[in-house]
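Structural description and commentary
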Amino acid sequence: MSLNFLLKNVLRTTSAHVKKLDGLGLSTVRELLEYFPRKIESTDLVGNFLEIRLGEKNTLSGKLCDFRKEKTPRGKMLGRAALVLDDGATIDVIWFQIPYILRNLRDESRVFLVGKVDRNFGKIQISNPEVHLDKNVHVGRLRAIYPESPPITSKWLREKIAGLLMFVKDFPEILPEEILAEKNFLKKPAAVKQIHHPDSGEIWYAAKKRLAFEEVFEIQVRVLREKFFREQAAKNPFRVKFDPEPVKKDLKKLPFELTTAQKKTLFQILKDFELDRPAHRLVQGDVGSGKTVVAFLAGAAQIRAGNQVAILAPTEILAQQHFAGALKFFDEETRVELLTGSVPAKKKEEIKKNLRTGQIQILIGTHAILTENTVFKNLGLAVVDEQHRFGVRQRAILAENHAHVVAMTATPIPRTLALTVYGDQDISVIDELPPGRKKIITRVVADEKTITLCNRFIDDQIEKKRQIFWVCPLIDESDKIEAKNVHDEYDRIAQIVFPKRNVEFLHGKMKPKEKNAVMQRFKNREFDILVSTSVIEVGVDIPDATVMVIENSERFGLSQLHQFRGRIGRNEMQSYCFLMVGKKDDAQKTRLQSMEKFHSGHKLSEIDLELRGMGELYGVRQSGIPDFKCADLSDVETLQSARDWAVKILKEDLSLEKFPALRKKVDSDETFF
Ligand code: ADP
Ligand code: MG
């Protein structure tokens, strides 16, 4: 279908543009047409002096006269001209970069200039305006402003999209007729056309509202349909009655008392086990809030009932850590095994055999367990750690088993996401840290003098037998660059900054075995400083690590920084976090200073959300949270309404037989989280 045409075949453009589009995930006509503008601006023509709005962008219409180039005292080229408006008034024009179009322009050509108009030494001046020779998609109307990423500019997008608008008719209508009627929504083709090329401000807002609704509605239908299917299956083969006595015994064995929030969460999970459908719960708790032990306690209840438990971690290192923890927590009668990529083939086969026969009670491993056709005898509970790295498909596999699924995450979940992406799960929040934890002292470090002091402090900490995490950002996804960043930083730290200390490095492109070995040595205190990229795991416990240095911290969202910081301060020792700022940028410094003041992941995520939006908060790329095209997640009203409608439609017709277009869309393979 035409919407699936490849842009590289349809557009007349350069390969640099095509490459950039691909990078933005825009390869087909459909994708480009669904690349929605965030704003619109008016370019109504101003031909009279009195209509000019000073201090704002104006679109002036007049004759361009007396164009000349000038060299500034510093040797830069300027362009100057005069614009004679229709009423005879003259405006100064200045360009700091001379547009190509002026080269062939005759004197007194009619032009349209779009730019900011100000008073300059008593004269009215328009600076650096765009130049257009006729009324086109850019002037004389409302025009769309897109998120830009050079060479893809708003101007470029406006022109190319205008040329594709004849394809909008091919967009299927996925919103049911009754919603369109009740909400008085534009049809999909009209909405797509109007959002790019609006006839009026009102109609643009109407288009945006309708497209935003569709976007969240589709998510709600996907998520809720899965939930309803699950509930309809209404089987809970692993129903376990809540029995407080053995739980109390388990609690007594722990070297600490659970926090109230941990107890509450555990209770909620144990009550889930009693229902007539499998549990599907998301446990959110700040780093260090003690989610693991809650998972073990819940697992123990399933094991007592004769069922198996799986604990899935995103990385081998974390899986190993959980394995070590489980060996400590469970008694000898409970057989715990570890299944990861680096387990030898023979051992793997043995583990799989013993799982099938039910001789293994707990299997701990990486998410890969699921894809390796591992068969359980009676998997009662699957715990998914750091669930944001876990795909829908993997969740679906678990659901097929009818096992209870408890997912754990340190990423805060705003109400809006609880209503959408996580809308099919019950949520528990562990909102307190175990007592005695000290706040991690955090400082933004932006100048040479402080860096020197900071390095001296770190050296002193190493003297006291403490260990240091040194995180550098991943500047590019390509393998080479990732390794290079770490290698360069490692060289600098090991040879120049701390030549007397033992330094090692770790990055995502090393083999799992190598990574494990490095982590293990770090845990054993065999070296002092670990230089790593940001991609490595958040949950690893290194008891003696009390300092974390984060290079180019301005590149990260506050939530992400908070999660990194959670690798230290996991016990009673005072810990320190230094946020290095690469560029001199006061706004960034101010943003980062929230890290000095606030120590709650939730608070920091709110600030992030305000300052940088959803994508940044969740680091879209890694997290699997969809990057919304149009929806505004702070618009709770639309979310709620879309959810209500999704429930209504699904209650009537769970198979969506009456809504083939919607069904096709939600069944499509296009996974967004
Ligand atoms: P996270 O929630 O980040 O996964 P962990 O489960 O790894 O946190 O717990 C962090 C540390 O806190 C572990 O060493 C764990 O043993 C300890 N811990 C957990 N709960 C408590 C508690 N109630 N009191 C004291 N220490 C606790
Ligand atoms: Mg954890």
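The present account deals with the structure reproduced in this document. (Residues numbered from 1 in each chain as written. Chains lettered and ligands numbered in written order. Predicted model: local features only at pLDDT ≥ 70, side-chain atom pairs only at ≥ 80, totals over all residues. Heavy atoms only, no water.)

Some words on the packing of helix H18 (residues 558–565) against helix H19 (residues 586–597)
A packed helix pair is summarised by two numbers, namely the angle formed by the two axes and the spacing between the axes. Note the cut-off: Note on definitions: angles span 0 to 180 degrees between N-to-C directions of axes, and those axes are lines fitted to C-alpha atoms, for helices only across the stretch in contact. Here a helix means four or more residues in a row that DSSP labels H or I, a strand means two or more in a row labelled E, and each is numbered from the N terminus. Oblique is the label for every angle not falling under 35 degrees (roughly parallel), over 145 degrees (roughly antiparallel), or within 65 to 115 degrees (roughly perpendicular). The hand of a helix crossing depends on one turn: near helix anticlockwise from the far one by less than a right angle means left-handed, and clockwise means right-handed. Only heavy atoms matter for contacts: two residues are in contact if any of them lie within 4.5 Å across the pair.
The N-to-C vectors of H18 and H19 enclose an angle of 40 degrees; their axes lie 11 Å apart at closest approach. The angle between H18 and H19 falls in the class oblique. Every pair of crossing elements has a handedness; the one defined by H18 and H19 is right-handed. Where H18 approaches H19, its residues Leu558, Leu561, His562 and Arg565 are matched on the opposing element by Arg591, Leu592, Ser594 and Met595.

Observations concerning the nonpolar core
Stated precisely, the cut-off is as follows: Buried Ala, Val, Leu, Ile, Met, Phe, Trp, Tyr and Cys residues that are joined via side-chain atoms within 4.5 Å together make up what is termed a nonpolar core. A 1.4 Å probe rolled over the protein chains alone gives each residue an accessible area, and that area as a share of the maximum for its type sets the label: buried under 20%, exposed over 50%, partly exposed in between. Throughout, the edges of the domains are those of an automatic or database domain assignment.
Core analysis: the biggest nonpolar cluster contains 66 residues, and Ile364, Ile550 and Leu561 have the highest contact counts within it. For this core, the element with the most residues is helix H10 (residues 291–304), which contributes nine residues. Shared between two domains, this core holds at least three residues of each, these being domain 3 (244–274 + 290–409) and domain 4 (441–598). Residues within four places of isoleucine 364 in sequence aside, it is in contact with Ile311, Ala319, His322, Phe323, Ala326, Val336, Glu337, Leu338, Leu339 and Ile369.

Concerning the packing of aromatic side chains
Note the following rule: By convention, a stacked pair of Phe, Tyr or Trp rings (six-membered ring in the case of Trp) has centres within 6.5 Å and planes under 30 degrees apart, an edge-to-face pair has planes over 60 apart, and any other such pair is tilted.
Scanning the entire structure with this criterion turns up 17 aromatic pairs. Taking the centre distance of 5.8 Å and the plane angle of 80 degrees together, the rings of phenylalanine 457 and phenylalanine 578 count as edge-to-face. Taken as a pair, phenylalanine 457 in helix H15 (residues 448–463) and phenylalanine 578 in strand S21 (residues 576–580) lie far apart in primary sequence, 121 residues in all. Judged by relative accessible area, phenylalanine 578 falls into the buried class, the value being 9%. Taken together, the ring pairs connect Phe185, Phe213 and Phe217 into an aromatic cluster.

What about the site of ligand 1?
The test is simple: The near set for a molecule or strand comprises every residue that places at least one heavy atom within 4 Å of it. Here the open area of atoms and residues is found with the Shrake-Rupley method and a 1.4 Å probe, where only the protein chains shown may cover a residue. Lys, Arg, Asp and Glu make up the charged group, whereas Ala, Val, Leu, Ile, Met, Phe, Trp, Tyr, Cys and Pro make up the nonpolar group; the residues left over, Gly among them, are polar.
Taken together, 16 residues lie near ligand 1, and Glu257, Gly288, Lys291, Thr292 and Arg437 sit nearest. Notes on ligand 1: free accessible area 570 Å², of which the protein chains cover 81%. By residue class, the composition of the shell around ligand 1 is four nonpolar, six polar and six charged.

Description of the packing of helix H9 (residues 260–272) against H10
Two numbers describe how H9 lies on H10: the axes approach to 10 Å, and their chain directions differ by 30 degrees. The crossing of H9 and H10 is right-handed. Of the residues in H10, those touching H9 at Gln262, Thr265, Leu266, Ile269 and Leu270 are Val293, Val294, Leu297, Ala298 and Ala301. Of the residues belonging to the contact of H9 with H10, the class tally is eight nonpolar, two polar and no charged.

What about the sheet that holds strand S17 (residues 467–472)?
Put simply, the rule reads: For two strands to count as paired, DSSP must find a minimum of two bridges between them.
Overall, parallel pairing links the six strands, which are arranged S16-S21-S20-S17-S19-S18 in an open sheet. Each of the sheet's edge strands pairs with one partner strand only, and the pair in question is strand S16 (441–445) and strand S18 (503–506). Taking the axes of each pair of neighbouring strands and ignoring which way they run, one obtains an average angle of 20 degrees across the sheet. As paired elements, strand S20 (residues 545–550) and S21 share four bridges and run parallel to each other. Bridging across to S21, valine 549 finds its partner in phenylalanine 578. The strands touched by helix H17 (residues 512–523) are S17, S18 and strand S19 (529–533); relative to S18, the strand with the most contacts, the crossing angle is about 140 degrees. Its contacts with the sheet place H18 against S16, S20 and S21, and it is angled at close to 150 degrees to S20.

Observations regarding helix H22 (residues 636–652)
We count it as follows: Each residue after the first adds 1.5 Å to the expected span of a helix.
Spanning 17 residues, H22 covers 24 Å between terminal C-alpha atoms, matching the ideal 24 Å at 1.5 Å per step. For H22, the set of buried residues is Thr638, Leu639, Ser641, Ala642, Arg643, Trp645, Ala646, Ile649 and Leu650.

Points about the sheet that holds strand S10 (residues 308–313)
Strand order in the open sheet formed by seven strands is S11-S12-S10-S13-S14-S9-S15, with parallel pairing between adjacent strands. Every interior strand has two partners, whereas the edge strands, strand S11 (336–339) and strand S15 (426–430), have only one. When the angles between neighbouring strand axes are averaged without regard to direction, this sheet yields 20 degrees. Two strands pair when backbone bridges link them, and S10 and strand S12 (residues 362–366) are joined in this way by five bridges, in the parallel orientation.

Considering unusual backbone geometry
A cis amide bond links proline 150 to the next residue, proline 151, at an omega of 5 degrees. Inspection of the secondary structure puts proline 151 in the loop between strand S8 (142–145) and helix H4 (154–162). In the Ramachandran plot, aspartate 66 falls in the positive-phi region, its phi being about 60 degrees despite a non-glycine side chain. Looking at where aspartate 66 falls in the secondary structure, it is placed in strand S3 (residues 57–71). Unusually for a residue other than glycine, asparagine 128 sits at a positive phi of about 50 degrees.

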